[in-house]
There are 2 protein chains.
Amino acid sequence: MFRIGEFAQIAQVSARQLRFYDQLGLLQPAHIDRETGYRYYSIRQLPRLNSILALKELGLTLEQIGPLLKDSISATELRAMLTLKRAEVERSLHEQQAQLRHIESRIAQIDRHGGTEGFDVILKSVEPAPFLSLHCAYADMDEAVRMISLVAEDGARQIKPALRDKLIVVARNDRDDEKLDLEIGFSLTRPSNAAVRLRGDYLLRASELPAVETMATIVRPGTNLESHTSFGAVGTWIEANHYQIAGPCREVFLEPITGPPGFEGALVEIQFPVRQVA
Amino acid sequence: MFRIGEFAQIAQVSARQLRFYDQLGLLQPAHIDRETGYRYYSIRQLPRLNSILALKELGLTLEQIGPLLKDSISATELRAMLTLKRAEVERSLHEQQAQLRHIESRIAQIDRHGGTEGFDVILKSVEPAPFLSLHCAYADMDEAVRMISLVAEDGARQIKPALRDKLIVVARNDRDDEKLDLEIGFSLTRPSNAAVRLRGDYLLRASELPAVETMATIVRPGTNLESHTSFGAVGTWIEANHYQIAGPCREVFLEPITGPPGFEGALVEIQFPVRQVA
DNA sequence: GCTTGACTTTGACGTTGCGTCAAACCCGCA
DNA sequence: TGCGGGTTTGACGCAACGTCAAAGTCAAGC
């Protein structure tokens, strides 16, 4: 019989660990002195302790290990648990690999640009939302910007504040078309079928912004022009982290546009639907 | 300004998380109502929150993130932290891969043998120990077993209990020799140079059992013959888990041999020095 | 103006597997 | 009969929140 310290030394575990396993009922000492409370372990308990340690190595929790030590039904049951555990470890492994890529791409970014700003790409999911928008193609940026201003101002006037949510621009540049194929409009707090007529005879029609499970997003202050560099940043991020673009990009104006035209003070979230590439 | 719930929804985090970040000083609300304690967040705080989330994705702790948010010295500092983190993640990745192999080999084992017994291989390190032993080659198992019995009995008689520790057999089968090249003796609790003479004019000489950093070990009750199946089990384990044998194997008799010859009740720990194979 | 239901506040405990004190005993050796 | 090292129980700490609970607040509908 060994005292807890000796037994701990033999088994290469800490005495605290043995007391803890005792407390959980995983490994009770062969004998406890009634008067002093001293725990005494037999070398015969080493195999049981080793079983615990081996199962722990496999990633099982102590709670899961407990029942497995009763060697009655354990064979099939153990197999089942291990199969589950395998799936879990595989998933976690993929996550870690992704994390490693994130870290490396971020390091590379610092080395290239030195800066640390504007590169906080975040993954999120978005819910579907009713959308009241104008779908049209534009020859150049200036034309598009003018139209966005128009929709922003007239929309703000004509849609009830309680119904109107955020100004959103969806870019459907599927092919490398010369023209900008945009959908400009407001998301709504609740469904509505009413169309809205703007100056110049433009018409906002009701539709729906579909849900997207995974969006790579970045928030940028500033004008549309500058936001184009952000597009590049997100693109780099997406490539470096083994994602690919899976749908039309969105620009969400997080603040109602108040200042003079040009959106100098605007806060814009750029969103790219993405999916992981194997 | 948004209340905590709305802001949480926008940023896809929980309200609890925002309160927690407030508490840590990572992200304090733009305004707090003096009377009610309600937190109000500005959309302008979203970039900061996103920075936090992005850095968290990279695996940094909240404690590490705090200082990085002051954008004064962060660029080089961030790079340094990320380099550290990368090393950490890489190590953890290797560990997980090893764990996955462990799990898979264990599943395969269950499928082959159905059993769950006797396969608790665990890794440990052993300290160097003074050793009093007889080094010799034997033609067959029987001869070796007889000699082990002799050393066990005579050694127990002639070495003081306070000095004598455990009976250990070291097998130096470097080449696939026909003969068993064994070192049979006792480890000692403290160094001693005295040799011990046994019956039949055999002599135990002092030497040292070297330390081994990584030992694959398994504990088996039973005789030497049965223990040979254990050798196979450990071998399988070593291969499946990408280790390789890196030195002479040891058999440690954990209990002083008491019963009749044959070691029926003995408890033996088999130890293989191993190293990881890349 | 009042009711009501959704929201928010602080505070506390739980999670996992022990590490690390602290104060009070205990053991075996000289 | 000391004494130094081991042992006991008990408690707190960790990392980043999730999940109640009780009490107070807000905003919309009547």
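Because the structure is predicted, anything quoted here is derived from the model rather than measured.

**Observations concerning the pattern of salt bridges**
Taken as a whole and judged by the stated rule, the model has 22 salt bridges over all chains. Linking K124(B) and E269(B) is a salt bridge whose minimum nitrogen-to-oxygen distance equals 3.0 Å. Residue K124(B) is found in strand 4 (residues 122-126), and its partner E269(B) is found in strand 13 (residues 267-276); the two are separated by 145 residues along the sequence. Summarising the burial analysis for this pair, K124(B) and E269(B) share the class buried. The structure contains a network of salt bridges with shared partners spanning E153(A), D154(A), R157(A) and R199(A).

**Details of the sheet that holds strand 1 (residues 2-3) of chain A**
Residue and element names in this part refer to chain A. Across the sheet, which stays open at both edges, the three strands sit in the order 1-3-2 with antiparallel pairing between neighbours. The sheet terminates laterally at strand 1 and strand 2 (31-32), the two strands that pair on one side only. Sheet topology places strand 2 next to strand 3 (residues 39-41); two bridges connect them, and they run antiparallel. By the bridge assignment, I32 is partnered in strand 3 with R39.

**Considerations on unusual backbone geometry**
Positive phi is not limited to glycine here, since Q12(A) has a value of about 60°. Tracing the chain through its elements places Q12(A) in the loop between helix 1 (4-11) and helix 2 (15-24). Even without being glycine, H242(B) reaches a positive phi, approximately 65°. For H242(B), the position within the fold is in the loop between helix 7 (224-240) and strand 11 (243-245). Taking relative accessible area as the criterion, H242(B) reaches 35% and is therefore assigned partly exposed.

**What to know about the protein's contact with DNA strand D**
Close contacts around DNA strand D come from 19 residues, with G5(A), R19(A), R39(A), S14(B) and Y21(B) the closest. Counting only atoms of DNA strand D within 4 Å of the protein, the sugar-phosphate share comes to 72%. In the environment of DNA strand D, a phosphate oxygen lies 2.8 Å from a nitrogen or oxygen atom belonging to the backbone of G5(A). Contacts to DNA strand D include R19(A), whose side-chain N or O atom sits 2.8 Å from a phosphate oxygen. Of the residues forming the surface near DNA strand D, the biggest block, four residues, is contributed by helix 2 (residues 15-24) of chain B. Each residue belonging to the surface near DNA strand D can be placed in one class, and the counts come to six nonpolar, six polar and seven charged.

**Points about the domain arrangement of chain A**
Quite often, the size of an interface is put as the accessible area lost when its parts meet. Each domain of chain A was delimited in the assignment, giving domain 1 (2-70), domain 2 (73-116) and domain 3 (122-276). One C-alpha centre belongs to domain 1 of chain A, the other to domain 3 of chain A; they are set 61 Å apart.

**Focus: the sheet that holds strand 1 (residues 2-3) of chain B**
Residues and elements named next belong to chain B. With antiparallel pairing, the three strands of this open sheet are ordered in space as 1-3-2. Because the sheet does not close on itself, it has two edges, and the strands there are strand 1 and strand 2 (31-32). Where strand 1 lies against strand 3 (residues 39-41), two bridges are found, and the strand directions are antiparallel. Paired with R3 across the two strands is Y40, which belongs to strand 3.

**Some remarks on the protein's contact with DNA strand C**
Taken together, 19 residues are adjacent to DNA strand C, and Q17(A), Y21(A), G5(B), R19(B) and R39(B) come closest. Among the atoms of DNA strand C close to the protein, meaning within 4 Å, 77% are from sugar or phosphate groups. At a separation of 3.5 Å, a phosphate oxygen of DNA strand C approaches a polar backbone atom of L62(A). Between DNA strand C and R19(B) there is a distance of 2.8 Å, counted from a phosphate oxygen to a side-chain nitrogen or oxygen. Listed by contribution, the elements that provide at least two residues to the surface near DNA strand C are helix 2 of chain A together with helix 1 (4-11) and helix 2 of chain B.

Scoring rules and cut-offs
Residues numbered from 1 in each chain as written. Chains lettered and ligands numbered in written order. Predicted model: local features only at pLDDT ≥ 70, side-chain atom pairs only at ≥ 80, totals over all residues. Heavy atoms only, no water. Salt bridge = Lys/Arg side-chain N within 4 Å of Asp/Glu carboxyl O. Helix = DSSP H or I, 4+ residues; strand = E, 2+ residues; numbered from the N terminus. Buried < 20%, exposed > 50% of the residue type's maximum accessible area, 1.4 Å probe, protein only. Pairing = 2+ DSSP bridges. Near = heavy atom within 4 Å. Polar contact = N/O pair within 3.5 Å; in protein donor to acceptor, adjacent residues only side chain to side chain. Nonpolar A, V, L, I, M, F, W, Y, C, P; charged D, E, K, R; others polar. Domains from an automatic or database assignment.

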